[in-house]
Amino acid sequence: MNMLTKVQQGMNDSNMVRDMANAIRALAMDAVEKANSGHPGMPMGMADVATVLFSRFLKFDPADPAWPDRDRFVLSAGHGSMLLYALLHLLGYPEMTREELQRFRQLGSKTPGHPEYGHTLGVETTTGPLGQGLAMAVGMALAERMMAARHGAELVDHRTYVIVGDGCLMEGISHEAIALAGHLRLSKLIALWDDNGITIDGAISLADSVDQLARFQAAGWNVASVDGHDPEAIAAALEQAQTSDHPTLIACKTVIGFGAPTKAGTAGVHGAALGAKEIEGAREKLGWTAAPFEIPEPIATAWHKVGEKAAVSHAAWRERWAAVSTERKTHFEADLSGAVTPAVDAAIEAFKKAASEGGAAQASRTSSQKLLDVLAKAQNNLVGGSADLTHSNLTKAVEMQSVTAADFSGRYIHFGIREFGMTAALNGIALHGGFIPYGGTFLVFSDYARPAIRLGALMGQRAIHVYTHDSIGLGEDGPTHQPVEHFAALRVIPNLYVFRPADAVETAEAWELALKMKTAPSALCLSRQNLPIVRRTHLAENLSAKGAYVLRDVEGVRDVTLLATGSEVGLVVEAAERLAAAGIKAAVVSVPCFELFAEQSAAYRAQVLGEAPRIGVEAGLRQGFDSLLRPQDGFIGMTSFGASAPAGELYRTFGITTDAIVAEAQARLQFTKLQ
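Predicted model, so just to flag it, every value in this text is computed and none were measured.

(A) Representation of the sheet that holds strand β20 (residues 634-636) in the model. What the five strands build is an open sheet, ordered β16-β18-β17-β19-β20; its pairing is mixed. The open sheet terminates on both sides in strands that have one partner only, identified here as β16 (549-552) and β20. Taken over all neighbouring pairs, the strand axes of this sheet differ in orientation by 30 degrees on average, direction set aside. In terms of strand pairing, strand β17 (residues 560-564) meets strand β19 (residues 614-617) through four bridges, oriented parallel. Within β19, the residue paired with A564 across the bridge is V617.

What follows is the structure in C-alpha cells.
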C-alpha cells in the first residue's frame, strides 16, 4: 500500500477526520483567547466542513500557493479568519507558524483580524465586509471559465469554493452575485453556507425568514442541505457538486461554537473569547488534551500529508504545461503577467496625435469608446462590461463579443443592473489573474458600488471603473442622476486614482495610466456633453501622469491661476483668453488626477500652482479641491444638488460660466490689491 493510499484511507477514517477538525477548533479557541479578541464560533462550527473540503476536494499546493490552476478558496465570512489561518498552519504553509497563530490580531502579524490579500500567503482575497467575498468568488469563477475558453482545459480547469455565513446571504450584494452566477451557469462555483441560525443579535429568526435554498434555486443554482458535522454527508454533497452544470449551494447545518459546553449554539460564541473555563470544558467535551497551540503528532502528520497529497495535482499540471507549445505558453504567461503590451503605447500615441491635430469636440465618453476600439485590439486580455448601460457608458469595443453561459470566449460581460455586484466581480476577476477588467455605470451610481471600490483599493487591485455622465452636464435627467459630491467622495478613498479628463487627449492619457497602474484601481469620470480639444499641440509625453500641469502659461509673472478639471477646463481656457484681452495674465492648470499630483515633488507642485491668487473650477462640491487652494483663493462649482434642464441652462443657472470665472478673477485681484 503506497503512502498516498494510506493518507486517503486516513482521511476517510471517522476518528481521524474528527481529530483533524478538532485541531482547527482548538487553534481557533487558543488564538482568540490569547488575543482576547476575535470570532471563535464560526471556525468551531465549520471545522468539519473545512476538513472535508481541504482533505478530499480542494486543489492547492502549500509550496507554491499561487500556481495558476489551483482551486480558489474564499472565506466570505471573513470574521472566522482563524478557520483559514489554522488550515494554513496545519497544511504546512511555511509562513503560517505557531508563532504567527499566537500573534493573532497583533500589529504586523500574518494573522490579522480579517484575511488580507497580499499580506498572508494562501489568502486569495481580503474579506470581512459580508457578502463581498461571495461576489468576488463569482468574479473568480467567471475568470476561470473565460481563461479556460482562451487557453484550454489542460491549463485552466479549477473550481472556486466560498464559505458564506448568514450575514453574507442577508447582504443585498448576495442577490446581485447569485443572480449573475446562476444566469451564466458558473458550474465550477461551489458555496458552502454555514447555516448555524445565529447572528450577533441572537437567533436569525429575529430578523430573517428567507428560504435561502429556494432563493438560490430560483436564481439558477443547484442546492443541497447536509448535516455540517457529518463528514460523509458533506463529502457526498461536494462530490455531487463536481458534476453539476449549475453553481451549487450546500447548506451545512452547523452548531456555532461546536464543542463549547455552555456557549455552543448561542450568539455568545460569535465574537468574543470563550474564557478559560469554557475552553477547559470544550477541551474535555472534544477529547482534546494537548496544550494550547500544540497539535498531537499523529494529527499534525495527517494534516501535513494532506498538504503533500495536494501537490500531486500541481505536478500533473506541470506535466501538461510541459507538453503545450511554446506559442501557447507565451500567450498564457502574457495574460497572467498583466503587462500592458507595446501595441497599447503605439495605439494611444496615434490616438492622441490625431485628436490634438484635428480632433473635433466630443464627449469624453465618446473619446473613451473610440479609444477602446483600438485598445481592445492592442491588449487582448482587456475585458469589460457595464451595469446595463452599455449604450450610455459606451464601454463595448467593436470587436468585443458578449460572454454568455454557452460561450465564455467573449470579452464583454453584461452585468445587469448590479453595480455593487459588478464592481466586486471586477475585483474577483483581477484577483484571479489573466485579465485587465473594467466596468461602467453612471458616476452617480458609484455610490451603489462604493464598498467594493474601497475593498479593491485596499487590496491594490487593478480594476478600471468607467463612470460617465459625470456632472450637471448630463442635463435633463435631473438631480437624481447628476453627481455633485461624487468627485470628493471618490478622492478620499486611499489608493484610488480618480481621473477627470478635459478632452480626447487627456482621456487617452487617463486610460494609459489606468491600464499601467497594476497595484491600484482607477475611476475615469467622463462627460455626456461635448468637450473641445484643449491640447492642440501633440506631445508624446503623458502630461496627465503628473496629475496636473500648466496647460496655458503666461509671459512673466502670473496675475491669477485658473485650475480646473474635466469639462470645466474648456471654460477656464476661454476665461483666460478674455482676461488676457483685459490685460490680466491668467495661467491655466488642468488637473486630471489629484492623487497623481499629490505624489509629485514639492518643487513641481509649487511651479504648477504658482504664487498668484488661484481659482478652482469644477462642476462639483468644493470639498477636496482645497488641497489645491488656500483660504484666500476662490472656487466656482456646485453648492447644492442640480436640477432637470438642458446642460447649458444648468451651467448658467449654477454660475459655472466663463463670465463667472472672469468676474471671480477680477474680484480676487482687486481683493489682493487692497491687502
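Having seen the structure, we can now continue with the description.
(B) Local environment of the layout of surface pockets. Computed from the structure, the largest pocket encloses a volume of approximately 640 Å³. Taken together, 30 residues make up the lining of the largest pocket; nearest its centre are Y117, A430, L431, H432 and G433. Broken down by secondary-structure element, the contributors of at least two residues to the lining of the largest pocket are α13 (326-337) and α17 (419-432). Looking at the lining of the largest pocket residue by residue, the classes come out as eleven nonpolar, twelve polar and seven charged. Put simply, the second largest pocket is a space of about 290 Å³. Forming the boundary of the second largest pocket are 18 residues, of which H79, L130, G167, T199 and H270 lie nearest the centre. In terms of residue class, the lining of the second largest pocket is made up of seven nonpolar, nine polar and two charged.

(C) The arrangement of the nonpolar core in detail. In this structure, M82, L238 and W303 are the most contacted members of the largest nonpolar core, which totals 63 residues. No other element matches the eleven residues that helix α2 (residues 14-35) contributes to this core. Those residues in contact with M82 that sit more than four places away from it in its chain are L27, A28, A31, V32, P43, L101 and F104. With 57 residues, the next largest nonpolar core counts L134, V164, C168 and A219 among its residues.

(D) Fine view of empty space enclosed by the protein. Scanning the entire structure with this criterion turns up three cavities of 30 Å³ or more. The computed volume of the largest cavity comes to approximately 110 Å³. As for the largest cavity, its lining consists of 13 residues, of which F60, F73, Y93, G122 and E124 are closest to the centre. The class makeup of the residues in the lining of the largest cavity is eight nonpolar, one polar and four charged. By volume, the second largest cavity amounts to about 50 Å³. Along the walls of the second largest cavity sit P68, R72, M147, L155, V156, H158, F332, L336 and H432, which together make up its complete lining. Split by residue class, the lining of the second largest cavity holds six nonpolar, two polar and one charged.

(E) Looking closely at the pattern of salt bridges. For the structure shown, the criterion picks out 30 salt bridges. We note a salt bridge from R320 to D69, for which the minimum N-O separation is 3.7 Å. Here R320 is found in helix α12 (residues 297-323), whereas its partner D69 is found in the loop between α3 (41-57) and β1 (72-75), with 251 residues between them in sequence. For D69, a relative accessible area of 0% gives the class buried. A salt bridge links D470 to R500; the shortest N-O distance between them is 2.8 Å. On the criterion of sequence distance, the pair formed by D470 in the loop between β12 (464-468) and α19 (486-491) and R500 in the loop between β13 (497-499) and α20 (504-516) is long-range, its members being 30 residues apart.

(F) Representation of the environment of L121 in the model. Tracing the chain through its elements places L121 in the loop between α5 (98-102) and α6 (132-151). Among residues more than four places away in sequence, those in contact with L121 are P65, L88, Y93 and E95.

(G) Looking closely at the packing of helix α15 (residues 364-378) against α20. For the pair α15 and α20, interaxial distance at closest approach is 9 Å and the crossing angle is 55 degrees. On the basis of their axis angle, the class for α15 and α20 is oblique. Judged by the twist between their axes, the crossing of α15 over α20 is right-handed. The residues of α20 that touch α15, namely those facing S364, S367, S368, L371, L372 and L375, are A504, T507, A508, W511 and L515. Its residues assigned to classes, the contact of α15 with α20 shows seven nonpolar, four polar and no charged.

(H) Summary view of the confidence of the model for the chain. Residue-level pLDDT values for the chain average 96, and 97% of them are 70 or greater. Considering each helix and strand of the chain separately, the mean pLDDT is smallest for helix α1 (residues 3-12), with a value of 43, and largest for strand β3 (residues 189-195), with 99. For residues 1-8, every residue scores under 50 in pLDDT, and the model assigns this stretch eight contacts once sequence neighbours within four places are set aside.

(I) Fine view of the side chain of N22. Mapped onto the elements, N22 comes out in helix α2. Under the relative-accessibility criterion, N22 is labelled buried at 3%. One polar contact links N22 to R25, side chain to side chain, over a distance of 2.9 Å.

(J) Here's a closer look at helix α21 (residues 569-581). With 13 residues, α21 should cover 18 Å at 1.5 Å per step; its first-to-last C-alpha distance of 19 Å lies within 8% of that length. Along α21, the residues that are buried comprise V569, G570, L571, V572, V573, A575, A576 and L579. Looking at the residues trailing α21, positive phi occurs at G583, about 85 degrees.

(K) Just the packing of α2 against helix α11 (residues 276-286), in detail. For the pair α2 and α11, interaxial distance at closest approach is 11 Å and the crossing angle is 170 degrees. By the angle between their directions, the pair α2 and α11 is classed as roughly antiparallel. Judged by residue contacts, N22, R25, M29, D30 and E33 of α2 engage A276, I279, A282, R283 and L286 from α11. Partitioned by chemical class, the residues of the contact of α2 with α11 number five nonpolar, one polar and four charged.

(L) Fine view of the sheet that holds β12. Spatially, β10-β9-β11-β12-β14-β13 is the arrangement adopted by the six strands of the open sheet, whose pairing is parallel. Each edge of the open sheet is held by one strand with a lone partner, namely β10 (412-414) and β13. Across the sheet, the mean angle separating the axes of adjacent strands is 20 degrees when strand polarity is ignored. Pairing analysis gives three bridges linking strand β9 (residues 382-386) to strand β11 (residues 436-442), with the strands arranged parallel. When the sheet's bridge partners are listed, V383 is paired in β11 with P437.

About the thresholds
Residues numbered from 1 in each chain as written. Predicted model: local features only at pLDDT ≥ 70, side-chain atom pairs only at ≥ 80, totals over all residues. Heavy atoms only, no water. Pairing = 2+ DSSP bridges. Helix = DSSP H or I, 4+ residues; strand = E, 2+ residues; numbered from the N terminus. Axes fitted to C-alpha atoms, helices over the stretch in contact; angles between N-to-C directions. 1 Å grid on protein atoms, 1.4 Å probe; cavity = no way out; pocket = protein on both sides within 12 Å on 5 of 7 lines; lining within 4 Å. Points joined across faces, edges and corners; volume = space filled by probe spheres on them. Nonpolar A, V, L, I, M, F, W, Y, C, P; charged D, E, K, R; others polar. Core = buried A, V, L, I, M, F, W, Y, C linked by side-chain atoms within 4.5 Å. Buried < 20%, exposed > 50% of the residue type's maximum accessible area, 1.4 Å probe, protein only. Contact = heavy atoms within 4.5 Å. Salt bridge = Lys/Arg side-chain N within 4 Å of Asp/Glu carboxyl O. Parallel < 35°, antiparallel > 145°, perpendicular 65-115°, else oblique. Left-handed = near helix turned anticlockwise from the far one by under 90°. pLDDT = per-residue confidence, 0-100. Polar contact = N/O pair within 3.5 Å; in protein donor to acceptor, adjacent residues only side chain to side chain. Expected span 1.5 Å × (residues − 1).

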